[in-house]
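Listed below, chain by chain, are the residues.
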Amino acid sequence: MSKTADDGLGLIRPWIRAVERADSADGLQKATENLAGALAALAKADHQGESPCDPEGLDAIDCLLQVLGFNNPGAAVAAVDGVIAIGPPAVEPLLGSLDQRNYGARAWAVRALAGIGDVRGLDLLESALSSDIGPSVRRAAARGLGQLRLEALPQIEQINVRQRCLDALLGGGGDGEWVVRYAVAVGLERLLLGMGRAEPGHRSGLQALQELAGEPGDDTPVVRLRAGLALSRLTGGAGC
Amino acid sequence: MAGTADLDSAMATAGEPISEQEALQRLRQSEDQSDSYYAAWWLGRMRSRHPETVPLLRAALRRRQPRALSSGVEENAVARNAARALGKLGDPQAIPDLLAALEDEDDGLREAAARALGELRASEAVSPICARLASDQAGQPLPNSLRLREPCEALIEALGDIGVAAADVVAAIQPFATHERPLIRSAAARALFQLTQDRRWGQNLIELLEHPLLQVRRSALMDLGAVGWRAALEPIRDTLAENSLKLIALRGLVERGQAPPDTETVLRVMDDLL
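Worth saying up front: this structure is predicted, and the values here are computed from it rather than measured.

As for the overall build of chain A
1) Next: Scanning chain A from N- to C-terminus turns up twelve helices and zero strands.
2) Next: The helix and strand sequence of chain A, counted from the amino end, reads α-α-α-α-α-α-α-α-α-α-α-α.
3) Next: A total of 240 residues make up chain A; the buried ones form 51% of that total.
4) Next: Nonlocal contacts in chain A, meaning residues at least 24 apart in sequence, comprise 65% of its contacts between residues at least 6 apart.
5) Next: When the accessible surface of chain A is split by element, carbon and sulfur atoms take 51% of a total near 11100 Å².

Dropping the structure here:
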């Protein structure tokens, strides 16, 4: 399995067909769940972390990206799981597929990018949080900005990327929608957990959380509570 | 359900930015209904605290403008938006005007007035609302229309929000718990749960989360958020509906509900839905 994806794709092709043939909302959801499950099993079995990225693997990605555009939340949840299971090979197709007219679909795509955590999504997450018209898109972007996977990057590059994420999240703290500010608190918590205390930006991140949590704090009680929880995790017993 | 949240956020994004002074000016004039319609909405949405805001909105509510088809807005549009705004602003001085609007022959205006009276927790409204619900065929459709004779959903939800848990109030709502329309059943279960804290009504709402119609599932989500029943945490998470609505419902569980489960558990579920 770690050498070739042929076996896996042999397993996946029928699931792709089932999604394409689905003729009801329920049927589409079931078929998408099955496809996502097969992709996740394949990713799990493959300890190299290499996912199907040959032409047939791309079929699976295309198929899932189409499902994100249907107005079927159950199927979209499953499709996001499937795209995340495919991982980095799905990033370029995702970035190329964003539908400017359908913000429901854009929100799911941004969620998938956030779940994969690939740094190639950074530009998109930044612009989505600062200027997308859909609150659900901005919310998914804020979450994603807190969970990019940077382990493979050189140290100095990691610091630069985290600073960009932080700047974007600080901007998002002034969003007009409570759910986006909530997501900003979550994003800041995760970003700061991965940041050294001496790193530039750690202090301004904490300060932004204090502004959301403290007196008077955010207008929306659940946002205050979430920011307060983030602070207690960051400054309480965790770590040093 | 209180179905205006999404509309509000859509308009907040799309609407033109105007100043409070500009909004008040637009509400003062009566030539352009679209202008005063937008101004009334704006003042409510922005929670205007200007001393002229409530008097101007009350005047707009009393002025039942006839329908002007050319302006492209609904009948009594300005009065309806004024009622909605007065509900958001929380000033009890508006209650007498809203009670009068509750007796208007336009059922859309009665609906807006009932919701506003609910938001203002106006106990004066309880007996007129109960009388409307008990009136002949209140829950039957109007001829050639999908609308019911009375705006039952809004009337019932207002009773739940006002929170007078007297036996006759409960008795006025209870027949609607078996209404043929699921949205009315959802509103009744919500109000009865708020008034009695009887879990069986919460259970009814959880069952509606599995209704085949998305619109009903959405409504039950909003109603569970309004009652804040934390036992519904997992059913809400697993409902086939947009995450945006689940997040609104879960916010209600955090802000209105009580442990168990504890707040941190609810927040964890919210984090996963972002």
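Focus on unusual backbone geometry
In most cases, non-glycine residues show a negative phi, while peptide bonds are predominantly trans.
1) Next: Pro216 of chain A follows Glu215 of chain A through a cis peptide bond whose omega is -5°.
2) Next: Following the sequence through the fold, Pro216 of chain A ends up in the loop between α11 (202–213) and α12 (221–235).
3) Next: Note that the residue after Ala259 of chain B, namely Pro260 of chain B, is joined by a cis bond; omega there is -5°.
4) Next: Here Pro260 of chain B is to be found in the loop between α15 (243–256) and α16 (263–273).
5) Next: Look at Arg121 of chain B: it is not a glycine, yet its phi comes out positive at around 50°.
6) Next: Mapped onto the fold, Arg121 of chain B is located in the loop between α7 (107–119) and α8 (126–134).
7) Next: Even without being glycine, Gln197 of chain B reaches a positive phi, approximately 60°.
8) Next: Its location among the elements puts Gln197 of chain B in the loop between α11 (182–196) and α12 (199–208).
9) Next: A relative accessible area of 53% means that Gln197 of chain B is categorised as exposed.

Some points on the nonpolar core
1) Next: Core analysis: the largest hydrophobic core is formed by 165 residues, its most contacted members being Leu98 and Ile156 of chain B.
2) Next: Sorting elements by how many residues they give to this core places helix α10 (residues 178–193) of chain A first, with eleven residues.
3) Next: In contact with Ile156 of chain B, other than residues within four places in its own chain, are Leu133, Ile173, Phe176, Ile184, Ala187, Ala188 and Ala191 of chain B.

With respect to the confidence of the model for chain A
When pLDDT is low, close inspection of the predicted coordinates is not appropriate.
1) Next: Put simply, chain A has an average pLDDT of 86, and 90% of its residues get 70 or more.
2) Next: Low confidence marks residues 1–7 of chain A, where pLDDT is under 50. Its contacts with residues over four positions away, or in another chain, come to six contacts.

Some points on the packing of helix α6 (residues 103–116) of chain A against helix α8 (residues 135–145) of chain A
Residue and element names in this part refer to chain A.
1) Next: At a closest axis distance of 8 Å, the pairing of α6 and α8 adopts a crossing angle of 5°. Considered as vectors, α6 and α8 are oriented roughly parallel to each other. Contacts between α6 and α8 involve Tyr103, Arg106, Ala107, Val110, Arg111 and Ala114 from the first element and Ser136, Val137, Ala140, Ala141, Arg143 and Gly144 from the second.
2) Next: Counted by class, the contact of α6 with α8 contains seven nonpolar, two polar and three charged residues.

Looking at the interface of chain B and chain A
1) Next: With 21 residues of chain B at the interface, the matching set in chain A holds 24 residues.
2) Next: Across the interface of chain B and chain A, roughly 2000 Å² is buried in total on both sides, 60% from carbon and sulfur atoms.
3) Next: A salt bridge links Asp271 of chain B to Arg226 of chain A; the shortest N-O distance between them is 2.8 Å.
4) Next: Our count for the contact surface shared by chain B and chain A stands at eight residue pairs in polar contact (both at pLDDT 80 or more).
5) Next: Mapped by element, the contributors of at least two residues to the side of chain B that touches chain A are α1 (5–14), α15 and α16 of chain B.
6) Next: Residues belonging to the side of chain B that touches chain A are distributed by class as follows: nine nonpolar, five polar and seven charged.

Conventions adopted
- Residues numbered from 1 in each chain as written.
- Chains lettered and ligands numbered in written order.
- Predicted model: local features only at pLDDT ≥ 70, side-chain atom pairs only at ≥ 80, totals over all residues.
- Heavy atoms only, no water.
- Helix = DSSP H or I, 4+ residues; strand = E, 2+ residues; numbered from the N terminus.
- Buried < 20%, exposed > 50% of the residue type's maximum accessible area, 1.4 Å probe, protein only.
- Contact = heavy atoms within 4.5 Å.
- Areas by Shrake-Rupley, 256 points an atom, 1.4 Å probe, with all protein chains shown as cover.
- Core = buried A, V, L, I, M, F, W, Y, C linked by side-chain atoms within 4.5 Å.
- pLDDT = per-residue confidence, 0-100.
- Axes fitted to C-alpha atoms, helices over the stretch in contact; angles between N-to-C directions.
- Parallel < 35°, antiparallel > 145°, perpendicular 65-115°, else oblique.
- Nonpolar A, V, L, I, M, F, W, Y, C, P; charged D, E, K, R; others polar.
- Buried area = accessible area lost by both parts, 1.4 Å probe.
- Salt bridge = Lys/Arg side-chain N within 4 Å of Asp/Glu carboxyl O.
- Polar contact = N/O pair within 3.5 Å; in protein donor to acceptor, adjacent residues only side chain to side chain.

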